[in-house]
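# What the coordinates show
Okay, here's what each chain looks like letter by letter:
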Amino acid sequence: MPRARTVTVPCSLELCDPDLYAQGRPEELWQRMRQSGSVHEGEYDGRRFHAVLSHAGISQVLKDPRNFTSQQGMRLDQNPAATAAASGKMLIITDPPRHGEIRRIVNGAFTPRMVARLEHTMRETVTAVLDEVLDAGECDFTRVAARLPLSVICDMLGVPPGDRDFMLDRTMVAFGSGESAGTDPLAPAQAHADILAYYADLLERRRREPREDIITALAHGTVDGVPLTDEEIFLNCDGIVSGGNETTRHAGAGGLLALVRNPQQWASLREDPELLPGAVQEILRFTSPAMHVLRTATAPVELAGRTIAAGDQVALWLAAGNRDPAAFPDPDRFDVTRRPNPHLAFAAGAHYCLGAALATRELTVLFEELLRRVRSAELTGPPRRTRSILIRGYEALPVRLLAG
């Protein structure tokens, strides 16, 4: 879409320009838009929508599934046919009460033994990857950050260790923003197909040989006494891989960059590790990997003094809500001591991120080990952000980690 160069062009055009997030400063745009209201008219690919930028407005919509449905899609760049096919089957585009029933099946897989196993996987993965990069001296930290969530997701879903390099490669291509796929425009679709084919085989194995993993839980779970179909299982595996991979990977890379640019806060965390839980929450707020989510109004409703008509799409700009000065004093400042921190990185309401606790623990382990083993970090080249209106993250983050 054309990128606005002056304030005479509607700000909503800039809001949906992926180049803004790759090359510009969206915080300045969000602030400029908020000065004239918290809800704006927008357009994406010929479709009109309302953009919500305030923390209060976003929270209102997320906590009101009766008036705002997720079943007509959760992203502006969705494929309508694919959304229609997955609606009511895939957790993220399913409303209560069915949403809660599918969620219950997945949550039931998190037995104490599985949680302990995942904790071991996290620590083992971070230790191994830091051993590698500290020996090498320099690395692209986006690759480091990608290893942790992928290993945990594979363990959680039941992928054997010998298959995890394959899954890392396929996931990076399927869910990357472009560079991971190279020059082949069909590569992401092929990677998705490879992942689903893999899970089809794994599903059959888990029906014969149940284990403590999510594939087994989905294979044997029921909603209202009816087993989930293979399609429902595959769709939810795809959603778990996508959601679980993106948040931790980009928050991990963005969190390290924030600490590199604020070395006094790195020093504070090394001196007082008890600050780390709050620091992880600040990393999630400051990085906000999930840029926006979409809802559709089911009835006329008032939002920030504006009437939203039934059938209107509402794009909730989570990243902008996390920089709202009405909710966060001095919101563009990275502050590991920030209290309170009611961020929206995991959304809110019925669709509060299923993996929030797991992602928080992954980031905690990652930064525990970094702070314990790394004296300081420095950039060795310019960071490259993703070109996306859905994911706020990094394609590359070249750094040197200094042990000590």
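Residues numbered from 1 in each chain as written. Predicted model: local features only at pLDDT ≥ 70, side-chain atom pairs only at ≥ 80, totals over all residues. Heavy atoms only, no water.

### Examining the packing of helix α12 (residues 230-261) against helix α16 (residues 356-373)
Between α12 and α16, the shortest axis-to-axis distance is 10 Å and the interhelical angle comes to 35°. The hand of the α12/α16 crossing is right-handed. Note on element contacts: α16 touches α12 through A359, E362, L363, L366, F367 and L370, opposite T248, A251, G252, G255, L256 and L259. Its residues placed into classes, the contact of α12 with α16 shows 8 nonpolar, 3 polar and 1 charged. (Axes fitted to C-alpha atoms, helices over the stretch in contact; angles between N-to-C directions. Helix = DSSP H or I, 4+ residues; strand = E, 2+ residues; numbered from the N terminus. Left-handed = near helix turned anticlockwise from the far one by under 90°. Contact = heavy atoms within 4.5 Å. Nonpolar A, V, L, I, M, F, W, Y, C, P; charged D, E, K, R; others polar.)

### Focus: the confidence of the model for the protein
Keep in mind that low pLDDT regions are not for reading the predicted coordinates in detail. Here the protein averages 91 in pLDDT, while 95% of its residues score no lower than 70. A low-confidence stretch, residues 1-9 stays under pLDDT 50, and its non-local contacts, those more than four residues away or across chains, total 15 contacts. (pLDDT = per-residue confidence, 0-100.)

### Some remarks on the side chain of R249
In this fold, R249 is placed in helix α12. A distance of 3.2 Å separates a polar atom in the side chain of R249 from a polar atom in the side chain of E246. (Polar contact = N/O pair within 3.5 Å; in protein donor to acceptor, adjacent residues only side chain to side chain.)

### Points about the nonpolar core
With 85 residues, the main nonpolar core has F141, Y199, L256 and L401 as its most contacted residues. Of the residues forming this core, the biggest block, 12 residues, is contributed by α12. Residues contacting F141, with those up to four places away along its chain left out, are G252, A253, L256, L366, L370, L397, V399 and L401. (Core = buried A, V, L, I, M, F, W, Y, C linked by side-chain atoms within 4.5 Å. Buried < 20%, exposed > 50% of the residue type's maximum accessible area, 1.4 Å probe, protein only.)

### What to know about the side chain of T125
For T125, the position within the fold is in helix α7 (residues 112-136). For T125, the side chain forms a polar contact with the main-chain oxygen of T121, separated by 2.8 Å. Sequence-distant contacts of T125, that is, excluding residues within four places in its chain, are made with R147, L148 and S151.

### Description of the packing of helix α8 (residues 141-157) against α16
Look at α8 against α16: their axes get within 11 Å of each other, and the N-to-C directions meet at 135°. With respect to α16, the axis of α8 lies oblique. α16 is crossed by α8, and the crossing has right-handed handedness. Across from F141, L148, P149, V152 and M156 in α8, the residues of α16 making contact are L358, E362, L366 and L370. Looking at the contact of α8 with α16, its residues break down into 8 nonpolar, no polar and 1 charged. (Parallel < 35°, antiparallel > 145°, perpendicular 65-115°, else oblique.)

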